[in-house]
Amino acid sequence: MINDGLEGVIAAETTLSDVDGEGGRLIVRGRELRDLVSDTDFAGVAALLWDGLSPMGGQRKALARALGAARSDAFTLVPGLMAVAQGLSLVEGLRAGLALLPDQAPIAPEIRLCAALPVFTAALHRASKGQLPMAPDPTLDHAGDYLRMMRGSRPSAAEARAMDAYLVTIADHGLNASTFAARVIASTKAGMVSAVVGALCALKGPLHGGAPGPVLDMLDEIGDAARIEPWLEAAIGQGERLMGFGHRVYKVRDPRADVLKAAVATLRGGDNRIAFAEAVETGAIRVLARLKPGRRLDTNVEFYTALLLEALGLPRDAFTSTFAVGRVAGWTAHVLEQERGGRIIRPASRYVGPLAA
Ligand code: ACO
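What you see is a predicted model, and the numbers here were worked out from it, not measured in a lab. (Residues numbered from 1 in each chain as written. Predicted model: local features only at pLDDT ≥ 70, side-chain atom pairs only at ≥ 80, totals over all residues. Heavy atoms only, no water.)

Participant: Would you mind showing me how to read the overall build of the protein chain here?
Facilitator: A count of helical and extended segments in the protein chain gives 16 helices and three strands. Computed over its C-alpha atoms, the radius of gyration of the protein chain comes to 20 Å, within 12% of the 21 Å expected for a compact globule of 357 residues. Put simply, the protein chain has 357 residues, and 50% of those count as buried. Put simply, of all contacts in the protein chain between residues at least 6 apart along the chain, 74% involve residues at least 24 apart. When the accessible area of the protein chain is evaluated, it comes to approximately 16100 Å², of which 54% is carbon and sulfur surface. (Helix = DSSP H or I, 4+ residues; strand = E, 2+ residues; numbered from the N terminus. Rg over C-alpha atoms; globule rule 2.2 N^0.38 Å. Buried < 20%, exposed > 50% of the residue type's maximum accessible area, 1.4 Å probe, protein only. Contact = heavy atoms within 4.5 Å. Areas by Shrake-Rupley, 256 points an atom, 1.4 Å probe, with all protein chains shown as cover.)

Put into structure tokens, the structure is as follows:
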């Protein structure tokens, strides 16, 4: 018997996160997502994931400082990044830039990778607009400094907080496709840089971390409240997927959607956009229930990711890389866990080709 898409197959034991698809809950190392988002920041969730440390403890501050220093270190690599990223899209440039990192370096690989992602993403984004890269400010929190490097000026406290809420929300999520890719690569002892490059490659597909840009494209194309259900019905009729809906594990609403919706609400402006998005969301759930009966398709994390990143002034072509800026905490934690104990991941296939003559 084959489990198509490995659905329901348990391929690893982890202490990192538990995705409860029926209850609509996400637990990160014993903490409820909602509490984690209100109590800590990106450095705190990284300390929790990597070392099981309290996300509110003193180590969080030390790690925030280490991340700041590592961002400055990553900035020295930006000229090399620019040389290899010529003519590539932002996420392709990020993929090329990460591949330049050596396996061995004085800084711990998980810190180095967490620092390189925001610095490289911001430098690539600014270059795409003909702007010089902005050096990191190691005294700032990771999320606030990322926004600052992207936009060229220091964000408000509310914006930095909303960015942090996003990075914490998406830091880890069980054995999703990109994390699984990272664990497969780590299981061969190829090293953390290779595992994270592979994870990014898996993330960038539209069925995984490439969905939020197309969510906004969908809202733009619908354009008007009167067109919502006819547009959605036509899209499904043509065999398209509604971006930001459906999930392999969640059979109810993705709990991350509400956390991100609350984060968008803390930002000023954009009320009309949110109201329209809510109307599209309601319409999509109704249309999916009608046209895909019995499939239990609901809102996933990417729908409100799109609205939050847009409200923070980030461009659509940076959404997938921004997802990676947060998820790298989880990827690297899974690599550490895999390296500590796992065997090489090597499943089997059943041969259905022609028999030898
Ligand atoms: N829109 C329309 N139909 C859908 C959707 C959707 N968003 N999602 C699933 N379906 C339908 C499929 O067409 C299929 O119907 P069928 O049996 O009539 O052919 C049925 O529901 C089951 O779909 P599967 O592809 O088997 O579900 P799977 O668990 O493999 O896929 C996935 C999960 C990839 C997330 C899917 O729901 C999807 O494509 N969603 C849209 C893309 C998206 O939002 N991705 C982000 C996911 S969150 C993340 O990765 C961070």
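Participant: Help me out: how do you make sense of the site of the ligand in this one?
Facilitator: Residues in close proximity to the ligand total 21 residues, the closest being His208, Leu242, Phe245, Arg248 and Arg295. Between a nitrogen atom of the ligand and a main-chain N or O atom of Phe245, the distance comes to 2.8 Å. Summarising the interface, the protein chains cover 77% of the accessible area of the ligand, which totals 920 Å² for the free molecule. The pocket occupied by the ligand, as judged from atoms lying within 2 Å of grid points, is the largest pocket. A per-class count over the shell around the ligand returns 10 nonpolar, five polar and six charged. (Near = heavy atom within 4 Å. Polar contact = N/O pair within 3.5 Å; in protein donor to acceptor, adjacent residues only side chain to side chain. 1 Å grid on protein atoms, 1.4 Å probe; cavity = no way out; pocket = protein on both sides within 12 Å on 5 of 7 lines; lining within 4 Å. Sits in = over half its atoms within 2 Å of the grid points. Nonpolar A, V, L, I, M, F, W, Y, C, P; charged D, E, K, R; others polar.)

Participant: What is the right way to look at the sheet that holds strand 2 (residues 25–28) in this model?
Facilitator: Strands belonging to one sheet form pairs held by backbone hydrogen bonds; the direction of such a pair is parallel or antiparallel. Pairing is antiparallel across the open sheet formed by three strands, whose spatial order is 1-2-3. At either end of the open sheet lies a strand with only one pairing partner, and these are strand 1 (17–20) and strand 3 (31–32). Pairing between strand 1 and strand 2: four bridges, direction antiparallel. Within strand 2, the position partnered with Asp18 by the bridge is Ile27. (Pairing = 2+ DSSP bridges.)

Participant: Looking at this model, I keep getting lost on the environment of Ala263. Mind explaining?
Facilitator: For Ala263, the position within the fold is in helix 13 (residues 255–265). The exposure class of Ala263 is buried, given its relative accessible area of 7%. When the C-alpha atoms of Ala263 and Leu308 are compared, they prove to be 7.2 Å apart, with 45 residues separating the residues in sequence.

Participant: Sorry if this is basic, but what is going on with helix 6 (residues 109–128) here?
Facilitator: The α-helix winds at 3.6 residues per turn, so residues separated by three or four positions along the chain end up facing the same way. Its 20 residues place the ends of helix 6 28 Å apart at the C-alpha level, agreeing with the 28 Å of an ideal helix rising 1.5 Å per residue. Taken across its 20 residues, helix 6 has 17 buried, putting it largely inside the fold. One or two residues past the end of helix 6 sits Gly130, with phi positive at roughly 75°. (Expected span 1.5 Å × (residues − 1).)

Participant: Would you mind showing me how to read the packing of aromatic side chains here?
Facilitator: Each aromatic ring pair is specified by the distance between its two centres and by the angle formed by the two planes. By the definition in use, this model includes two aromatic pairs. Ring geometry for Phe245 and Phe303: centres 5.2 Å apart, planes at 55°, overall tilted. Here Phe245, found in the loop between helix 12 (228–237) and helix 13, pairs with Phe303, found in helix 15 (residues 301–311); they are 58 residues apart in sequence, far enough to count as distant. With a relative accessible area of 10%, Phe245 lands in the buried category. Seen in terms of ring centroids, Phe303 and Tyr304 are 5.2 Å apart; in terms of plane orientation they differ by 80°. Their pairing is edge-to-face. The class for Tyr304 is buried, based on a relative accessible area of 1%. One aromatic cluster is present, formed by Phe245, Phe303 and Tyr304 through successive ring pairs. (Phe/Tyr/Trp six-rings, centres within 6.5 Å; stacked < 30°, edge-to-face > 60°.)

Participant: Help me understand empty space enclosed by the protein, please; the structure alone is not making it clear to me.
Facilitator: Where empty space is left in the structure can be found by rolling a water-sized probe over the atoms. Counting across every chain of the model gives three cavities of 30 Å³ or more. There is about 50 Å³ of room inside the largest cavity. Forming the boundary of the largest cavity are Asp41, Phe42, Ala43, Ala64, Leu67, Asp141, His142, Ala143 and Asp164. For the lining of the largest cavity, the residue count by class is five nonpolar, one polar and three charged. (Points joined across faces, edges and corners; volume = space filled by probe spheres on them.)

Participant: Looking at this model, I keep getting lost on the pattern of salt bridges. Mind explaining?
Facilitator: Side chains that differ in sign of charge can pair as their charged atoms come close. Applying the stated criterion across every chain, the model contains 19 salt bridges. Between Arg148 and Asp145 there is a salt bridge, and its shortest N-O distance comes to 2.7 Å. Remark: Asp145 and Arg148 occur in helix 7 (residues 142–151); sequence separation between them is three residues, near one turn of the helix. Here Arg148 and Asp145 have matching classes, each one buried. In this structure, Arg316 engages Asp217 in a salt bridge whose closest nitrogen and oxygen atoms are separated by 2.8 Å. (Salt bridge = Lys/Arg side-chain N within 4 Å of Asp/Glu carboxyl O.)

Participant: I keep staring at the side chain of Arg71 and nothing clicks. Help me out?
Facilitator: Locating Arg71 in the fold gives a position in helix 3 (residues 58–75). Overall, Arg71 belongs to the buried group, its relative accessible area being 0%. Once you skip the residues sitting within four places of it in the chain, Arg71 turns out to touch Ala115, Pro118, Val119, Pro136, Asp137, Pro138, Leu140, Asp141, His142, Asp145 and Met149.

Participant: So what exactly am I meant to see when it comes to the packing of helix 15 against helix 16 (residues 319–341) here?
Facilitator: A pair of packed helices is characterised by two quantities: the angle between their axes and the separation of those axes. One way to put it is that helix 15 packs onto helix 16 with a least axis distance of 11 Å and a crossing angle of 100°. As far as their axial angle goes, helix 16 and helix 15 are roughly perpendicular. Counting all contacts with helix 15, which are made through Glu302, Ala306, Leu309 and Glu310, the residues of helix 16 involved are Phe319, Thr322 and Phe323. Tallied by class, the residues present in the contact of helix 15 with helix 16 amount to four nonpolar, one polar and two charged. (Axes fitted to C-alpha atoms, helices over the stretch in contact; angles between N-to-C directions. Parallel < 35°, antiparallel > 145°, perpendicular 65-115°, else oblique.)

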